Every structure is written in structure tokens, then in C-alpha cells.
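Topology and contacts: notes
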2 protein chains.
Amino acid sequence: MANNLGLSIDRSSPVPLYHQVVQGIEAAIYSGVLEPGSRLDNEIDLAAQLNLSRPTMRKAMDELVRSGLLVRKRGVGTQVVSSQVRRPLELSSLYDDLTNNGKKPTTEVLSFSHIEADDAILATLQLPAGSKVYHFTRLRKVGGKPLALMENWVRDDITEMDQATLTAEGLYAILRRGGVNFRLANQRIGAMTANEYQASMLETGEGSALVTMERTATDDTGRRVETGHHVYRADSYSFEMTLVQR
Amino acid sequence: MANNLGLSIDRSSPVPLYHQVVQGIEAAIYSGVLEPGSRLDNEIDLAAQLNLSRPTMRKAMDELVRSGLLVRKRGVGTQVVSSQVRRPLELSSLYDDLTNNGKKPTTEVLSFSHIEADDAILATLQLPAGSKVYHFTRLRKVGGKPLALMENWVRDDITEMDQATLTAEGLYAILRRGGVNFRLANQRIGAMTANEYQASMLETGEGSALVTMERTATDDTGRRVETGHHVYRADSYSFEMTLVQR
DNA sequence: CGAAGGCGAATGTTCTGACATTAAGTCTTT
DNA sequence: AAAGACTTAATGTCAGAACATTCGCCTTCG
């Protein structure tokens, strides 16, 4: 069977060949050219069709398998994994999530300061004693409805920050522009009931359910960049993720 | 610098060479032989030290980078990522989590039936109309204290299930023994307040905070194996995870 | 007629070799 | 002394080849 998934390779492009293949096959799957459950040609044929070596083809398919789009079976072949597997689990901020979904979030900065960090924050961010950090709390609304109450601490040797920038942009966008390449995040998700302050800020009742999240993010040099404690209205937000067994 | 991480390779072993290297370096990191932040020898030297080719060495390091233990920088070298990065995000059940932490959970099966699935379950598990599934609810306790209330639906063409087995073992262990190789899980984590029934079962107050989780798991053949809706006492449980940017 | 063995096809593993790209330090030149 | 160019060292990419392992099907033998 000549799969003939209409993808072409540009050898003069700076983007690696295997990654071009990844993008091509991803596009073919999401656009429906490759149907869920269908079998692909074998690695050697595919490599030949695209004038690539088998290791290159294999590396591309490796990535697709790891991301859960393909399933390989020894002695059998490779299939497109059935069904609509949605967003893979990745580092993203609430702000990204919302804008990607076409919503228009607004941010209100409730407090902003540049202060000496206390011991707990120093330990979490692995900073030497006496270090200063940015500390701020924000309220995020979507369509005028409050959604999240967020408190964050950010090390101050990355980029200048001020209240105006935080109002206009998401935290992660600001940090990325400051040259941070995020690598890891450790997070913990739980639940609590709203206290009086939280209830009033989120315009919900005292005692209503909230989703809590604590997160600490690390960049590619191993620096702890940011830590925060967020609470979300449980009736408006939940965490969706896809776990991939490796 | 001769790193000399005391790992040896067994070429007669059936476990692939690159995986032996992965395990060896993992062990060196967790045991402290390789300290956080320390630099490794370059790929070519390491390969030579172990009498391996560079691609094999590279594949091993690839996996360690992906799992967040190492950080590579072009033109510079490879470092052990600083600090105590905990559990990587992986498919695991509450039962596994608890037993791995030395706790002794007990399970009480509240209801168990083998019934025709309703439309919602049929759609979620992608089963043809009229299919039967196992449906059960369980209460999990640790040290006599109730922790989770779980309701699950499992396709019935995998393995025989009964109330006794469920009482003695975790659901995932049973399914794995039935030949299921889990690949993906889609889950959603949120929060709610306890209703009267939940409060009484979990021995907490009505209106107290609960963590909710809905999960659907898929095996390596693309079959939807299981779906469930769980609630946890927020004061006793939260989800901890490490996200890795790829 | 059924079960065991054999065969082909696919993925899994490993090697050798080569060149490209990036980052950092060093050396030269102005 | 500072700015630029060069060198070096590391990771990043790609090719081609060989052999191993597993699965499913087909044939053959009891």
C-alpha cells in the first residue's frame, strides 16, 4: 500500500529532517489523512519514499510513539493510535490555556513588591540568604468572571518586572522573553474550601470548593525560577492531562 | 576528569545495552555518586570507557534527558540536573502510590456488578451497543482512615473479575496480570465539596473539600480499558507530578 | 484434523563513520 | 585595553549496514 501521506522534506531547511517528518505525520493524523487505527508502511519503505535513512525515519517515529500518536508492534507494524487523544501534558500556564482556547483573560495585580525572601521561599528557590525576590498576587478573570487567585515568588536576576507588565501579559511569557527556557516543573494539585477572603475575591460563597495548585519551575540550567500557590474556582477550572507510559 | 561511575555492562544480558547504561547512571544519581550539578564526561569518552558506540551512549543519555535527570548544552557538556527531582509523572494508581510509600491500604468493595453499559460509558470506552462491563465502587482506607471513594467501569473481555480479588489487590495490578500494557491515560483533576453520602463514607463533614479525578486508560493496542471517577479527602491526598518540557 | 515447526516480515539493537552547529575561551589586532 | 576573529570541544544530525527478536501465517507431520 502506498500510503502517500503528502509530506515533503526540505533538506535546505534548518529544521532537522526527523523533525520535519514528525510535523508532517502529526499534520497527517490531525487532518485525518491518516485515520486512527490505520497501519503505516514499514520503516524502511517510508525512509525510501522520503529519501531518508532508516535511523532518521526511526527517530521521527520514536518521537511520535513517545507522544502517544503511534503504536509500534514488533513483527507486525506501526499503527496510528485510535481516537482523539487530546493535549499532551506539557508545561503551560493558565494564561496560555485560555488564550489558546480563544478566551480573553484579564489580569488584575492585587499586590506587587520586591522584597527579601523568607526562609521557605529561599529554600524552595534554592537562593542564598538575603536574596530578594519579586512577590505578587494576581486575580485572573475571564469574561468578567473571576477564575483564579494567584500568589507567586520569582527570582529577580532574570528580568525587570513591574505591575504594568504583569497586568498585560502572562508570567511565563515575561520570563521566556527574559531568556528562560523552562525544563521541569514540580506541581501538586489538591482541593480546599474557600475562606472569606478567597470567596470575596472570586465572587463565590465561603466554603465553596477550590482547586489548589503549587508549582515550582526549573529552567534548562537547573535554576529554580519561580514558585507559586494558586487557587481556582472548582466550578470553572480543572486540570486535564494525558499521561504517557514510557 | 575520570568520572568513573562504577557501572559495568553485561553484553550477554538480554536487556539492551543503552538501557543498562540508563539504569547505571540513574543509580549513580540516586545513590549520590553523581552529584547534582556535576558535569559528565563527554559522550565519546563515556562510550569509550564502556566500550560502546557513541549512538548507543547517546540513546541512553537521551532517555535520561527526557526523564529530566540530565541537562545537555551544545558546545558545553552534560550535567546532572540540580536538586531533588521527585517522582516523574507516570501512570500509577493510588494503590501503587500508597504501597510504594510503605503504607498499608485496605479496600472495601461497596458494590460490584456485571451489567450492560449505559450510553455514556459505551462512548467513553468505545464499545459497541449492548456490551457488558464490570461496574464497582470501592472505599480505600489507610491506617483505618478513609481516603478515597472510587467508582469504576472496566471492559469485561480482559480478565475475570470478582469482589474478592478487588478487595485484595489494586485494579491496575489485576488488569496488568490480565495482559494489559497501559500506554495512555487521560485524566482530569478538579475539586468539589462533599455531599451527604460522600461525607459519611469518608468520615468527614458535609461540605468539606474533596479532590476529584476522572480517568480513562488506554492500552498499547489502543483499547480503552477502564474509566473511573474518584474522590479523595483533600486533607489527606493531593496529586504530585513533574512536568517535563520536550 | 490438529498441533508443532518453519518462514517471512516487521520492528529492535548496535556499530562505524562523517559532518554541522554551537559555545566558550584565547589570541590577535586595532 | 577592548573588539573582533580563530580555535577547540562538545553536542546535534544523518547515512549505511548488519544482525537479533518477535509475531503471524503457512506448511507439514503425527
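Parameters and conventions
Residues numbered from 1 in each chain as written. Chains lettered and ligands numbered in written order. Predicted model: local features only at pLDDT ≥ 70, side-chain atom pairs only at ≥ 80, totals over all residues. Heavy atoms only, no water. Axes fitted to C-alpha atoms, helices over the stretch in contact; angles between N-to-C directions. Helix = DSSP H or I, 4+ residues; strand = E, 2+ residues; numbered from the N terminus. Parallel < 35°, antiparallel > 145°, perpendicular 65-115°, else oblique. Left-handed = near helix turned anticlockwise from the far one by under 90°. Contact = heavy atoms within 4.5 Å. Nonpolar A, V, L, I, M, F, W, Y, C, P; charged D, E, K, R; others polar. Buried < 20%, exposed > 50% of the residue type's maximum accessible area, 1.4 Å probe, protein only. Expected span 1.5 Å × (residues − 1). Salt bridge = Lys/Arg side-chain N within 4 Å of Asp/Glu carboxyl O. Near = heavy atom within 4 Å. Polar contact = N/O pair within 3.5 Å; in protein donor to acceptor, adjacent residues only side chain to side chain. Phe/Tyr/Trp six-rings, centres within 6.5 Å; stacked < 30°, edge-to-face > 60°. Lys NZ or Arg CZ within 6 Å of the ring centre and 35° of its normal. Pairing = 2+ DSSP bridges. Core = buried A, V, L, I, M, F, W, Y, C linked by side-chain atoms within 4.5 Å.

**Concerning the packing of helix α1 (residues 17-31) of chain A against helix α3 (residues 54-66) of chain A**
Residues and elements named next belong to chain A. At a closest axis distance of 8 Å, the pairing of α1 and α3 adopts a crossing angle of 50 degrees. Taken together, α1 and α3 sit at an angle that is classed as oblique. Regarding α1 and α3, the two cross each other, and that crossing is right-handed. Residue-level inspection shows L17, Y18, V21, V22, I25 and E26 of α1 in contact with α3, the latter providing T56, M57, K59, A60, E63 and L64. Looking at the contact of α1 with α3 residue by residue, the class counts come to 8 nonpolar, 1 polar and 3 charged.

**Considerations on the environment of R176(A)**
Residues and elements named next belong to chain A. Mapped onto the secondary structure, R176 falls in helix α7 (residues 171-177). Take R176: its relative accessible area is 38%, and that puts it in the partly exposed class. In this structure, the C-alpha to C-alpha distance between R176 and E43, residues 133 residues apart in sequence, is 37 Å.

**A short note on α1(A)**
Residue and element names in this part refer to chain A. Helix length check: α1 (15 residues) gives 21 Å between terminal C-alpha atoms against 21 Å at 1.5 Å per residue, within 8%. The inward-facing, buried residues of α1 abut α3, β1 (70-73) and β2 (77-80). Remark: G32 follows α1 within two positions and exhibits a positive phi of approximately 95 degrees.

**Side note on the pattern of salt bridges**
Residue and element names in this part refer to chain B. By the definition in use, this model includes 14 salt bridges over all chains. Between D157 and R155 there is a salt bridge, with its nearest N and O atoms 2.9 Å apart. Given the relative accessible area of 11%, R155 is considered buried.

**Considerations on the protein's contact with DNA strand C**
Around DNA strand C there are 23 residues in total, and R58(A), R11(B), L17(B), Y18(B) and T56(B) lie nearest to it. One nitrogen or oxygen atom from the side chain of R54(A) is found 3.0 Å from a base nitrogen belonging to DNA strand C. Interatomic distance of 2.9 Å between a side-chain N/O atom of S53(B) and a phosphate oxygen of DNA strand C. Looking at the surface near DNA strand C, the elements with two or more residues in it are α3, β1 and β2 of chain A together with α1 (17-31) and α3 (54-66) of chain B. Tallying contributions element by element places α3(B) first for the surface near DNA strand C, with 4 residues. Partitioning the surface near DNA strand C into residue classes produces 6 nonpolar, 7 polar and 10 charged.

**A word on the protein's contact with DNA strand D**
Taken together, 25 residues form the shell around DNA strand D, and within it R11(A), L17(A), T56(A), R54(B) and R58(B) come nearest. When the atoms of DNA strand D within 4 Å of the protein are grouped by moiety, sugar and phosphate amount to 74% of the total. In this structure, a base nitrogen belonging to DNA strand D sits 2.8 Å away from a side-chain N or O atom of R54(B). Here R72(B) contributes a side-chain N or O atom positioned 3.0 Å from a phosphate oxygen of DNA strand D. Residue assignment for the surface near DNA strand D shows that the elements contributing at least two residues are α1 and α3 of chain A together with α3, β1 (70-73) and β2 (77-80) of chain B. It is α3(A) that provides the largest number of residues to the surface near DNA strand D, a total of 4 residues. Across the surface near DNA strand D, the residue classes tally to 7 nonpolar, 8 polar and 10 charged.

**Looking at the environment of T106(A)**
Residue and element names in this part refer to chain A. Tracing the backbone shows T106 in strand β3 (residues 105-116). Distance in space between the C-alpha atoms of T106 and Q49 is 49 Å, their sequence separation being 57 residues. If we ignore the near neighbours within four places in the chain, the residues touching T106 are L139, R140 and K141.

**Topic: α3(B)**
All names here are of chain B. In a regular helix each residue adds 1.5 Å, so 13 residues correspond to 18 Å; α3 covers 18 Å between its end C-alpha atoms and thus fits that length. Of the residues making up α3, those classed as buried are M57, A60, M61, L64 and R66. Positive phi appears at G68, one or two residues downstream of α3, with a value of about 90 degrees.

**A closer look at the environment of A28(B)**
All names here are of chain B. The topology assignment puts A28 in helix α1. Taking the relative accessible area as the measure of exposure, A28 reaches 7% and is therefore buried. Once the C-alpha coordinates of A28 and L7 are considered, the two residues, 21 residues apart in sequence, prove to be 8.2 Å apart.

**Brief notes about the packing of aromatic side chains**
A complete count under the given rule lists 8 aromatic pairs over all chains for this structure. Taken together, a centroid distance of 5.4 Å and an interplanar angle of 80 degrees make the contact between Y237(B) and F239(B) edge-to-face. Just as Y237(B) is buried, F239(B) falls in that class too. Clustering of aromatic rings is evident, with ring pairs tying together F112(A), Y134(A) and F136(A). One Lys or Arg, K59(B), reaches over the ring of Y18(B) and ends 4.5 Å from the middle of that ring.

**Quick notes on the pairing of β2(A)**
Residue and element names in this part refer to chain A. With burial as the criterion, only one face of β2 is covered, namely that bearing T78 and V80; the residues G77 and Q79 on the opposite face remain uncovered. Taken together, the 4 bridges between β1 and β2 define a ladder with antiparallel strand orientation. Bridge pairing in β2 places V71 opposite Q79. Hairpin connection, β1 to β2: the antiparallel pair is bridged by 3 residues, and G75 has positive phi, about 80 degrees.

**Focus: unusual backbone geometry**
All names here are of chain A. Its identity is not glycine, yet N51 carries a phi of approximately 60 degrees, on the positive side. Note on placement: N51 falls in the loop between α2 (43-49) and α3. Of note in this structure, Q126 is not a glycine but carries a positive phi near 55 degrees. Of note, Q126 is situated in the loop between α5 (119-125) and β4 (132-142).

**With respect to the nonpolar core**
In terms of nonpolar packing, the biggest core is built from 28 residues, with I189(A), F239(A), I189(B) and F239(B) touching the most fellow members. Apart from residues lying up to four places away in sequence, I189(B) is in contact with I189(A), S238(A), F239(A), M241(A), V211(B), T212(B), M213(B), F239(B) and M241(B). By size, the runner-up hydrophobic cluster in this structure holds 20 residues, among which are V21(A), L40(A), A47(A) and M57(A).

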